Amino acid sequence: MSDTTNGQRTATISVLVDNEAGVLARVIGLFSGRGYNIDSLTVAPVDADLSRSRITVVTRGTDLVIEQIKAQLGRLVPIHKIADLSADGPHVARELGLIKVIARGEPRVEALRIADAFRAKIVDTTIESFVFELTGASEKIDAFIDLMRPLGTTEISRSGVAAIARGTRTII
């Protein structure tokens, strides 16, 4: 996710932090206090003793704004490392989506065809509804939702982007 539009780019920033109360609030406060938008946010412990967490933030801005965000994050304690995955080289970014479709008759059959084409998994079904699970790039999930909407999409839940550098680069 590093599209450039109107001088802005999408940045996927990974931040390695101590896993303690208040850290996430400080990171989010930095964004909200300066008017930066968060398009996606995920956080989870990443080591065996649960002492560190990885926060992945997807945001948009000019190169200057992205550099300011990284510099300001670097001044927060207890942050150990910051990586702009979109600028530092190839990376893998994935998201999980749960999409509920309520449909009968031909729209129901069409929903199944589309789900098969996207390799979506059916995780719940009733006579009138499906819940599909789809994992992939955010753009893939967006496209799936756009195709399902006219068929009866009623509810969407998305995990947010999880991302990691390709090759031997690490944040740890």
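Since the structure is predicted, the reported quantities are computational estimates derived from the model, not experimental observations.

### Re the side chain of S14
Part 1 of the argument: Mapping S14 onto the fold places it in strand β2 (residues 8-18).
Part 2 of the argument: Separated by 3.2 Å, the side chains of S14 and R54 make a polar contact.

### Section: unusual backbone geometry
Part 1 of the argument: One non-glycine residue with positive phi stands out, namely L50, at about 60 degrees.
Part 2 of the argument: Note that L50 resides in the loop between β3 (38-45) and β4 (52-61).
Part 3 of the argument: Of note, the phi angle at R119 is positive, near 60 degrees, even though the residue is not glycine.
Part 4 of the argument: Position of R119 among the secondary structure elements: in the loop between α4 (106-118) and β7 (121-125).
Part 5 of the argument: For R119, a relative accessible area of 76% gives the class exposed.

### Structural notes on the pattern of salt bridges
Part 1 of the argument: Per the stated rule, a full pass over the model turns up 11 salt bridges.
Part 2 of the argument: Among the ionic pairs, D84 bridges to K70, the shortest N-O distance being 3.7 Å. Taken as a pair, D84 in strand β5 (residues 79-84) and K70 in helix α2 (residues 63-74) lie far apart in primary sequence, 14 residues in all.
Part 3 of the argument: We classify D84 as buried; its relative accessible area is 1%.
Part 4 of the argument: For K70, a relative accessible area of 17% corresponds to the buried category.
Part 5 of the argument: In this structure, a network of salt bridges that share partners links the residues R9, D63, E67, K70 and D84.

### A short note on the UniProt feature "domain: ACT" (unreviewed entry) in the protein
Part 1 of the argument: As annotated in UniProt, the feature "domain: ACT" (unreviewed entry) corresponds to residues 12-87 in the numbering used here.
Part 2 of the argument: As annotated, residues 12-87 comprises 34% helix and 41% strand, and the C-alpha atoms at either end are separated by 8 Å.

### Some thoughts on the domain arrangement of the protein
Part 1 of the argument: Its domain assignment divides the protein into domain 1 (5-88) and domain 2 (92-165).
Part 2 of the argument: Using C-alpha coordinates to define each centre, domain 1 is positioned 28 Å away from domain 2.
Part 3 of the argument: Between domain 1 and domain 2, the contact holds 9 residues from the first and 7 residues from the second.
Part 4 of the argument: Here domain 1 and domain 2 share an interface that buries about 490 Å² over both sides, 58% of which is from carbon and sulfur atoms.
Part 5 of the argument: The interface formed by domain 1 and domain 2 contains 0 salt bridges.
Part 6 of the argument: Where domain 1 meets domain 2, there are 3 residue pairs in polar contact (both at pLDDT 80 or more).
Part 7 of the argument: Among the secondary structure elements, those contributing two or more residues to the side of domain 1 that touches domain 2 are β2, β3 and β4.

### Concerning the environment of M148
Part 1 of the argument: The residue M148 is located in helix α5 (residues 138-152) in this model.
Part 2 of the argument: When the C-alpha atoms of M148 and E110 are compared, they prove to be 8.9 Å apart, with 38 residues separating the residues in sequence.
Part 3 of the argument: Aside from chain neighbours lying at most four places away, what touches M148 is V101, A111, I114, A115, F132 and T153.

Calculation rules
- Residues numbered from 1 in each chain as written.
- Predicted model: local features only at pLDDT ≥ 70, side-chain atom pairs only at ≥ 80, totals over all residues.
- Heavy atoms only, no water.
- Helix = DSSP H or I, 4+ residues; strand = E, 2+ residues; numbered from the N terminus.
- Polar contact = N/O pair within 3.5 Å; in protein donor to acceptor, adjacent residues only side chain to side chain.
- Buried < 20%, exposed > 50% of the residue type's maximum accessible area, 1.4 Å probe, protein only.
- Salt bridge = Lys/Arg side-chain N within 4 Å of Asp/Glu carboxyl O.
- UniProt positions renumbered as here; feature names shortened; annotations may be inferred.
- Domains from an automatic or database assignment.
- Contact = heavy atoms within 4.5 Å.
- Buried area = accessible area lost by both parts, 1.4 Å probe.

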